[in-house]
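Now for the letters of each chain:
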Amino acid sequence: MSFAASETASQPACWRRAAELAGDRAGALPATGERIAVVGCGTSFYMAQAYASLREDAGQGESHAFAASEFPFGRSYDRVVALTRSGTTTEVLELLTRLSGTTRTVAITADPATPVMTAADDVVVLDFADEQSVVQTRFATTVLTLLRAHLGLHTEQALRDAETALAEPLPEGLLDCTQFTFLGRGWTVGLANEAALKMKEASLSWTESYPAMEYRHGPISISTTGTATWMFGSAPEGLAQQVLDTGARWIDSDLDPLADLVRVQRLAIARALAGGLDPDLPRHLTRSVVLSQG
């Protein structure tokens, strides 16, 4: 079994621990009413998108998400939350250094032996969710579970749904699809973006992601026999039938959307193995992007 497969399978246990930790580390996480920015790179950026949308929709305060390299330093925030599995990503460390002494920062990481431990004002360590695979699975979803729990939005049903997502067979025919589109609404747009990235990284699949209502505004033209459109959460009225009318496959689920992401992780690993690829070591990728200086 690949590391990615075993790490994917461990997510229900990791989520349970993260939900318990949320209360213990509440003081390090954004308080109600704070204006915050959430930053990350790659997968962590997409988890930032999901969290920022969830928090603002919950009435907890204005919340923005940025790729760490695109942070708008001209804006004022009460707190900046940095998501970084490795704790070594150059853009994240440079951002935290630049904000030091001016804006309260908290980093959520998997590795307590990295520079981020001193770069941020507060740190939440999820070392039990660290990974050996280059491809992120359980760390990303465990971070979002921690943050959902802090918002009071985590449920036992999400854990049960994750177990279901791991146990049930994947929808038939997906291994043979030539293209995948992932759609979301609100906080699940971040999940759709992450799903597309996961399939690209692990299996070199051709993927796209969009807010669901945007799919009719051009992207649906790619939909045809042999393609799949995967919806996270509730779909806009009529969209499923429009996709089916093109001859494409329509995939949705009654599972908690974060648990549904686990199904995509499984699909990415399965497609990688079917194509003779190593899902733990995607081409051109490393665990962390560390840029040389000078």
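Going by the structure above, here's the rest.
Residues numbered from 1 in each chain as written. Predicted model: local features only at pLDDT ≥ 70, side-chain atom pairs only at ≥ 80, totals over all residues. Heavy atoms only, no water.

**Student:** Could you give me a rundown of the overall build of the chain, with the residues and numbers involved?
**Tutor:** Tallying secondary structure elements over the chain gives 10 helices and nine strands in all. Radius of gyration (C-alpha) of the chain: 19 Å, near the 19 Å computed for a compact globule of 294 residues. Summarising its shape, the C-alpha atoms of the chain cover approximately 55 × 40 × 40 Å along the three principal directions. When burial is assessed residue by residue, the chain has 56% of its 294 residues classed as buried. When contacts within the chain are restricted to residue pairs at least 6 apart in sequence, those whose partners lie at least 24 apart make up 72%. Within the structure as shown, the chain displays about 12,200 Å² of accessible surface, and the carbon and sulfur contribution to it stands at 49%. (Helix = DSSP H or I, 4+ residues; strand = E, 2+ residues; numbered from the N terminus. Rg over C-alpha atoms; globule rule 2.2 N^0.38 Å. Buried < 20%, exposed > 50% of the residue type's maximum accessible area, 1.4 Å probe, protein only. Contact = heavy atoms within 4.5 Å. Areas by Shrake-Rupley, 256 points an atom, 1.4 Å probe, with all protein chains shown as cover.)

**Student:** Describe the environment of Met 117, listing the residues and the values that go with them.
**Tutor:** Counting through the fold element by element, Met 117 comes out in helix H5 (residues 116-119). With sequence-adjacent residues up to four places away left out, Met 117 is seen in contact with Thr 109, Asp 111, Pro 112, Val 123 and Val 125.

**Student:** Describe the pattern of salt bridges, listing the residues and the values that go with them.
**Tutor:** Should their charged atoms come close, side chains of opposite charge can pair. Enumeration according to the criterion identifies eight salt bridges in this entry. For Lys 198, the salt bridge is made with Glu 194, and the minimal N-O distance between the two is 2.9 Å. Linking Lys 198 with Glu 194, this pair stays in helix H8 (residues 188-203), spanning four residues, or about one helical turn. Just as Lys 198 is buried, Glu 194 falls in that class too. Within the structure, one salt-bridge network assembled from shared partners comprises Glu 194, Lys 198 and Glu 201. (Salt bridge = Lys/Arg side-chain N within 4 Å of Asp/Glu carboxyl O.)

**Student:** Describe the side chain of Thr 207, listing the residues and the values that go with them.
**Tutor:** Topologically, Thr 207 is positioned in strand S7 (residues 207-211). Separated by 2.9 Å, the side chain of Thr 207 and the backbone oxygen of Ala 196 make a polar contact. The residues contacting Thr 207, other than those within four sequence positions of it, are Phe 180, Phe 182, Ala 196, Met 199 and Lys 200. (Polar contact = N/O pair within 3.5 Å; in protein donor to acceptor, adjacent residues only side chain to side chain.)

**Student:** Could you give me a rundown of unusual backbone geometry, with the residues and numbers involved?
**Tutor:** In this structure, Leu 204 is a non-glycine residue whose phi angle is positive, near 60°. In this fold, Leu 204 is placed in the loop between H8 and S7. Judged by relative accessible area, which is 40%, Leu 204 ranks as partly exposed.

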